[in-house]
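Summary of the model geometry
What follows is the residue order along each chain.
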Amino acid sequence: GVPIDLSFLNKDAYGNFVPAGAHGFVTATNGQFVFEDGTPVRFWGVNCTAGAALGGTNRAAQLATRLARLGVNFVRLHHLDSWHQPIIDYNHPDGTTQHLNERSMTNLDAMIYHLKQRGIHVIPDPWVQRYFKPADGVADYGNLGVLGNFNLHPWVYMDTRMQELIALTWSQVWNHVNVFTGVAYKDEPAIVATEVINEGLMQRGANHVSREPWVTIFTNWYEVWARQNGYATNVGRNIISQNYGEGNLRFYINVQRSFYSTMVSNLHNCGVRIPINANNWSMWQWETLAQSGYDFMDSHFYYGGRVFP
């Protein structure tokens, strides 16, 4: 139980839960989230991460009941591809990471179903700690590590093979039919938003691009962009090591926006019709600018808030 049962916030006048999605899909309109039928909404909720999100049917029912009592109407399902029964089958017989783990997807189905029945909407976060195997054909990936939260940064911004594999997983997830509801994720109005990348700081690794083929890809890409946009050319690795000039930062914006646009298009091609944000973290103004122009912006802050002297 809880000190005060707030589940009435998700119920109608007769005391019955109003299922999430009852007002249709969410849209981002004039700076507000609005349901398809015109009802405005504000979301209040939490993350359910890895084991909490994928703990099985009984656990899903327990969590959904408790979260409803806490007045929650929104849950972000986080680290679905990570260490606890990930939705990606990392042990598939063909040696690739190109298949979903059906048992884990059933657990995810259960979580979404039980939350929905209690009026709680969800954001699935399908890509957080994705990694690849040699059979996936990602260049030199063996030198990047396995299961590290940031070991795809900044490579994914410039590696088309990584992008293809992530888009494949997204397509599989969004076209997956929930065994409890009979509805594909892309057609589920209880799912209210999604994102391109979790904590996707290109700058986290851009000044450490030291391996081929990415050094050549990155520097050549800059030279083409600089000639087209009137910035200094023939800078070589300065585009990596001296990343504070206007030309360098505007190039970084271009790299990020190219990636975001490609991945948003992939989501739309999957049939996703909910609001999509590019990223959920920014440390510099140029990163914020790179994320502008999409359906909404999301800024995470962690660990109790900022401490001021």
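Before reading on, note that the structure itself is shown above.
Values in this document were obtained by computation on a predicted structure and should not be read as measured data. (Residues numbered from 1 in each chain as written. Predicted model: local features only at pLDDT ≥ 70, side-chain atom pairs only at ≥ 80, totals over all residues. Heavy atoms only, no water.)

1. Topic: the overall build of the protein
Helices and strands together make up the secondary structure of the protein, namely eight helices and seven strands. In terms of overall size, the protein behaves like a compact globule, its C-alpha atoms giving a radius of gyration of 21 Å where 309 residues would be expected to give roughly 19 Å. The 309 residues of the protein split such that 50% are buried. Of all intrachain contacts in the protein linking residues separated by at least 6 positions in sequence, the fraction that spans at least 24 positions is 70%. When the accessible surface of the protein is summed, it comes to about 14300 Å², and 52% of that surface belongs to carbon and sulfur atoms. The distance from the centre of the 21 positive side-chain charges to the centre of the 24 negative ones in the protein is 5 Å. (Helix = DSSP H or I, 4+ residues; strand = E, 2+ residues; numbered from the N terminus. Rg over C-alpha atoms; globule rule 2.2 N^0.38 Å. Buried < 20%, exposed > 50% of the residue type's maximum accessible area, 1.4 Å probe, protein only. Contact = heavy atoms within 4.5 Å. Areas by Shrake-Rupley, 256 points an atom, 1.4 Å probe, with all protein chains shown as cover. Lys, Arg positive; Asp, Glu negative; His and termini not counted. Charge placed at Lys NZ, Arg CZ, Asp CG, Glu CD.)

2. Some points on the environment of Gln228
For Gln228, the location among the structural elements is in helix H5 (residues 214–229). Separated by 50 residues in the primary sequence, Gln228 and Asn178 have C-alpha atoms spaced 47 Å apart.

3. Things to note about the side chain of Asn248
Note on placement: Asn248 falls in helix H7 (residues 246–269). Relative accessible area serves as the criterion here: at 12%, Asn248 is assigned to the buried category. Side-chain polar atoms of Asn248 contact the backbone oxygen of Asn238, separated by 3.3 Å. Those residues within four positions of Asn248 in sequence are excluded, and the remaining contacts are Asn238, Ile239, Gln242 and Asn243. (Polar contact = N/O pair within 3.5 Å; in protein donor to acceptor, adjacent residues only side chain to side chain.)

4. Some points on the pairing of strand E2 (residues 32–35)
Note: strand E1 (residues 26–29) against E2, four bridges, orientation antiparallel. Considered in E2, the bridge of Thr29 is made with Gln32. Counting the residues between successive antiparallel strands, the hairpin from E1 to E2 contains two residues, one of them, Asn30, with a positive phi of roughly 50°. (Pairing = 2+ DSSP bridges.)

5. Quick notes on the packing of aromatic side chains
Scanning the entire structure with this criterion turns up 20 aromatic pairs. Here the aromatic rings of Tyr157 and Tyr260 are separated by 6.3 Å at their centres, their planes lie at 75°, and the arrangement is edge-to-face. Taken together, the residues Tyr157 in the loop between strand E5 (121–124) and helix H3 (160–175) and Tyr260 in helix H7 connect sequence positions 103 residues apart. The buried category is assigned to Tyr157, whose relative accessible area is 2%. Between Phe259 and Tyr260, the aromatic rings sit 5.9 Å apart at their centres with planes inclined by 50°, giving tilted as the arrangement. By relative accessible area, Phe259 is classed as buried at 1%. A connected cluster of aromatic rings, assembled from ring pairs, spans Phe218, Trp221, Tyr222, Trp225, Tyr231, Phe251, Tyr252 and Trp286. (Phe/Tyr/Trp six-rings, centres within 6.5 Å; stacked < 30°, edge-to-face > 60°.)

6. Thoughts on the layout of surface pockets
Computed from the structure, the largest pocket encloses a volume of approximately 570 Å³. Along its surface, the largest pocket is lined by 25 residues, and Phe43, Phe74, Ile123, Asp298 and His300 are the ones closest to its centre. At the level of elements, E2, strand E3 (45–49), strand E4 (74–78) and strand E6 (194–195) are the ones that each hand at least two residues to the lining of the largest pocket. When residues in the lining of the largest pocket are grouped by element, the largest group, three residues, is from E3. Of the pockets and cavities examined, the second largest pocket occupies roughly 240 Å³. Taken together, the residues of the lining of the second largest pocket break down into eight nonpolar, eight polar and one charged. (1 Å grid on protein atoms, 1.4 Å probe; cavity = no way out; pocket = protein on both sides within 12 Å on 5 of 7 lines; lining within 4 Å. Points joined across faces, edges and corners; volume = space filled by probe spheres on them. Nonpolar A, V, L, I, M, F, W, Y, C, P; charged D, E, K, R; others polar.)

7. Observations concerning the sheet that holds E4
The sheet built from three strands is open, its strands ordered E3-E4-E5 with parallel pairing. Bordering the open sheet on either side are E3 and E5, each of which pairs with just one other strand. For this sheet, the mean angle separating the axes of adjacent strands, direction not counted, is 25°. With four bridges connecting them, E4 and E5 associate as parallel partners. Pairing of Arg76 across the sheet is with Ile123, part of E5. (Axes fitted to C-alpha atoms, helices over the stretch in contact; angles between N-to-C directions.)

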